[in-house]
Amino acid sequence: KIDNQFIVHWHGYIVPFYGLETVIKSAKILENHKDIKFQIVTRFNSKYEKIKKLVQKLNLDNIKFYPETDYHGIAKFINQADICLGVFGNNKKAQVVIPNKIYESIACAKPVITANHEVIKELFIDKENILLTKQEDPEDLAEKILQLKQEPNLLENIALAGHNIYLNKLQPKQIVKELIDKI
């Protein structure tokens, strides 16, 4: 924990698939919750400049940006967070891919909030091992962040159940076993 703050973590590239604008707008909704802080790890490029301008326009001081880092750095950021965020875009790629950021977060036993896409249901169950939100809906995302903050048992249960998926279904030996069984 950092100074009794409730840390909401997001990392990735600034592309429509990830829906970072939804995260930024939810930070605006939650700006009066002074203990909730957003940490965003991304590449500082022209797309970042656009996002930074949005943050400045919204006059947000509850978001801190960090430069892109390696896997060890990402693990450090994830492990100091209370919640990790997935994807929030409403586009074809978002509907067919479970991104690495979700796997990385559950590997660190952190609860994940992500948009409700059919693909996510191939592995996860809402309110059991992940928390799903409406696509591109900052109000719903803000509500889900508050829900996990205000319900520590739910937060812990989702984190542990997500981590169990990682341990029981996503280790190399389980993945290879499924492939071998199919062959």
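Since we're looking at a predicted model, the values are computed, not measured.

A. Local environment of the nonpolar core. Among the nonpolar cores identified, the biggest contains 38 residues, and Ile24, Phe38, Ile63, Leu85, Ile113 and Ile145 are the most heavily contacted of them. Excluding its chain neighbours within four sequence positions, the residues that come into contact with leucine 85 are Val8, His9, Trp10, Val23, Phe38, Lys101, Ile113 and Leu141. Counting residues in each nonpolar core, the second largest holds 19 residues, with Phe77, Ile98, Val112 and Val119 among its members.

B. The pairing of strand β2 (residues 36-42), seen in detail. Burial runs high along β2: 6 of the 7 residues are buried. Following the chain from strand β1 (residues 6-11) across helix α1 (residues 20-29) to the adjacent parallel β2, one finds a crossover that is right-handed. The sheet contact formed by β2 and strand β3 (residues 63-67) spans 5 bridges and is parallel. The residue of β3 that forms the bridge with isoleucine 40 is phenylalanine 65.

C. Representation of the packing of helix α5 (residues 100-107) against helix α7 (residues 152-169) within the structure. Between α5 and α7, the least distance of the axes is 8 Å, while the angle of their chain directions is 105 degrees. In terms of axis orientation, α5 runs roughly perpendicular to α7. Contact with α5, carried on its side by Tyr103, Ile106 and Ala107, involves Gly162, His163, Ile165 and Tyr166 of α7 and no other residues of that element.

D. Expanded view of the sheet that holds β1. Overall, parallel pairing links the 6 strands, which are arranged β3-β2-β1-β4-β5-β6 in an open sheet. Across the chains shown, the open sheet's two edge strands, defined by having one partner strand only, are β3 and β6 (131-133). Put simply, the sheet's adjacent strands are angled 25 degrees from each other on average, direction ignored. In this structure, strand β4 (residues 83-85) lies alongside strand β5 (residues 112-115), joined through 2 bridges in parallel fashion. Looking at the pairing, cysteine 84 lines up with valine 112 of β5. Those strands touched by helix α6 (residues 138-150) are β1, β2, β4, β5 and β6, and its axis lies near 160 degrees from that of β6.

Definitions and cut-offs
- Residues numbered from 1 in each chain as written.
- Predicted model: local features only at pLDDT ≥ 70, side-chain atom pairs only at ≥ 80, totals over all residues.
- Heavy atoms only, no water.
- Core = buried A, V, L, I, M, F, W, Y, C linked by side-chain atoms within 4.5 Å.
- Buried < 20%, exposed > 50% of the residue type's maximum accessible area, 1.4 Å probe, protein only.
- Contact = heavy atoms within 4.5 Å.
- Helix = DSSP H or I, 4+ residues; strand = E, 2+ residues; numbered from the N terminus.
- Right-handed = clockwise from strand over helix to strand, strands pointing away.
- Pairing = 2+ DSSP bridges.
- Axes fitted to C-alpha atoms, helices over the stretch in contact; angles between N-to-C directions.
- Parallel < 35°, antiparallel > 145°, perpendicular 65-115°, else oblique.

The values reported here are purely geometric and, on their own, carry no functional implication.
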